[in-house]
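Now for the letters of each chain:
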Amino acid sequence: QARRGFAEENRLRIPLDAPARNYRDGNHKPEILCALTPFEALKGFRKADEILVLLDRAPVPSLETPIRLLRKDRTPQGLAGFFSTLAALAVEDRRRVLSELMVGAERMVSSDPVFTWVIRLHQCFPEDVGAFAPLLLNLIHLEPAEALYIDSGELHSYLQGAGVELMANSDNVIRAGLTAKHADVPELLRILRFEENQGVIIKPQARNRSEWVYPSPAKEFVLSRLSLE
């Protein structure tokens, strides 16, 4: 995908430093994030059953039809259809579903941090359906020294905290929203993997008395923590 996208944008003569460029090289970009402080992230899609429960807790009547379709088809294809519908909403429809979501989220905010993040994201990006992201993606909390591995093609967002990020040699980013930078939703939908992924927290494994290694499937890098004491 990266090689194809890089070649196509070169063919279109889009400058490498253009804000609207998606593929600045032909490499994929697995990455690992190691928390230095308490850290909050969204990573990978929830199970369809979980998504539906959260949507029931903060009802969005204007999405009744796509939610009903997701109930009938809880496969990755069904989730892709729901996500695509949400991403393609016209401006007025988007405002209406966000308004409905906020009513439910404010009612649930004291009982679940998922809805706290729904409200916070909406406050930062008032007209962005990315406010639905905490309902669709796993909300993960890392303590310092815990890590998260993100594979290529996996939707994620780092919400809060400081961390060390290590990745393969690539500057390719395809954004869905929750950003002031270029977002290319059609391209994202073309390459995104909609399989559920629970987001395993990685803890370092001792290699010897002074080195702890974070295991990951990446071939390009290994993250270690060293103690000089």
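Scroll up to find the structure this text is about.
Definitions and cut-offs
- Residues numbered from 1 in each chain as written.
- Predicted model: local features only at pLDDT ≥ 70, side-chain atom pairs only at ≥ 80, totals over all residues.
- Heavy atoms only, no water.
- Buried < 20%, exposed > 50% of the residue type's maximum accessible area, 1.4 Å probe, protein only.
- Helix = DSSP H or I, 4+ residues; strand = E, 2+ residues; numbered from the N terminus.
- Arc of directions from axis to C-beta.
- Contact = heavy atoms within 4.5 Å.
- Polar contact = N/O pair within 3.5 Å; in protein donor to acceptor, adjacent residues only side chain to side chain.
- 1 Å grid on protein atoms, 1.4 Å probe; cavity = no way out; pocket = protein on both sides within 12 Å on 5 of 7 lines; lining within 4 Å.
- Points joined across faces, edges and corners; volume = space filled by probe spheres on them.
- Nonpolar A, V, L, I, M, F, W, Y, C, P; charged D, E, K, R; others polar.
- Core = buried A, V, L, I, M, F, W, Y, C linked by side-chain atoms within 4.5 Å.
- Pairing = 2+ DSSP bridges.
- Phe/Tyr/Trp six-rings, centres within 6.5 Å; stacked < 30°, edge-to-face > 60°.

### Details of helix H3 (residues 64-72)
- Of all the positions in H3, only Pro66, Ile67 and Leu70 are classed as buried. All buried residues of H3 lie within an arc of 100° about the axis, which places them on one face of the element. With respect to the buried face of H3, the exposed residues turned more than 90 degrees away are Glu64 and Lys72.
- In this fold, the buried residues of H3 make contact with helix H2 (48-57) and helix H4 (76-87).

### Some words on the side chain of Glu154
- Structurally, Glu154 is set in the loop between strand S4 (147-150) and strand S5 (156-160).
- In this structure the side chain of Glu154 is engaged in a polar contact, spanning 2.9 Å, whose partner is the side chain of Lys43.
- In this structure Glu154 touches Lys43, Gly44, Tyr149, Leu192, Arg193 and Asn197, once residues within four positions along its chain are discounted.

### Structural notes on unusual backbone geometry
- Phi at Arg13 takes a positive value of approximately 60°, unusual for a residue other than glycine.
- Non-glycine residue Leu178 carries a positive phi angle of around 55°.
- Secondary-structure assignment places Leu178 in the loop between strand S6 (163-167) and helix H8 (185-191).

### Notes on the layout of surface pockets
- Roughly 1,200 Å³ of internal volume is contained in the largest pocket.
- As for the largest pocket, its lining consists of 48 residues, of which Leu155, Val173, Ile174, Arg175 and Leu188 are closest to the centre.
- If you list the elements that add at least two residues to the lining of the largest pocket, you get helix H1 (2-11), strand S2 (39-45), H4, helix H7 (133-136), S5, S6 and H8.
- Classifying every residue of the lining of the largest pocket gives 24 nonpolar, 13 polar and 11 charged.

### Looking at the nonpolar core
- Core analysis: the biggest nonpolar cluster contains 46 residues, and Phe45, Leu63, Phe132 and Leu135 have the highest contact counts within it.
- Only S2, H2, H3, H4, helix H5 (91-108), helix H6 (113-124), H7 and H8 provide two or more residues apiece to this core.
- With residues near it in sequence (within four places) discarded, Phe45 still touches Leu79, Phe83, Leu136, Leu137, Asn138, Leu155, Leu192, Arg193, Phe194, Glu195, Glu196 and Asn197.
- Counting residues in hydrophobic clusters, the runner-up holds 9 residues, among them Tyr149, Ala218, Phe221 and Leu223.

### Concerning the sheet that holds strand S7 (residues 201-202)
- An order of S6-S1-S4-S7 is seen for the 4 strands of this open sheet, with the pairing classed as antiparallel. Unpaired on one side and paired on the other, S6 and S7 mark the two borders of the sheet.
- Bridge count between strand S1 (residues 31-35) and S6: 5 bridges; the pairing is antiparallel. By the bridge assignment, Glu31 is partnered in S6 with Met167.

### Topic: the packing of aromatic side chains
- This structure, assessed with the given rule, holds 4 aromatic pairs.
- Their ring planes at 70° and their centres at 5.7 Å tell us that Phe39 and Tyr158 sit as a pair that is edge-to-face. Placement of the pair is Phe39 in strand S2 and Tyr158 in strand S5, with a sequence separation of 119 residues.
- Assessed through its relative accessible area of 26%, Tyr158 is described here as partly exposed.
- Residues Phe83 and Phe194 carry aromatic rings whose centres are separated by 5.6 Å and whose planes lie at 65° to one another, so their mutual orientation is edge-to-face. Separated by 111 residues along the polypeptide, Phe83 in helix H4 and Phe194 in the loop between H8 and S7 bring together distant segments of the chain. In this pair, the class of Phe83 matches that of Phe194, namely buried.
- Aromatic ring contacts, followed pair by pair, group Phe45, Phe83 and Phe194 into a single cluster.

### Notes on the sheet that holds strand S9 (residues 211-214)
- One open sheet holds the 3 strands; their spatial order is S8-S9-S10, and the pairing between them is antiparallel. The sheet is open, and its two edges are formed by strand S8 (205-206) and strand S10 (223-226), each paired on a single side.
- Pairing geometry for S8 and S9, over 2 bridges, is antiparallel. Among the inter-strand pairings, Ala206 is bridged to a residue of S9, identified as Trp212.

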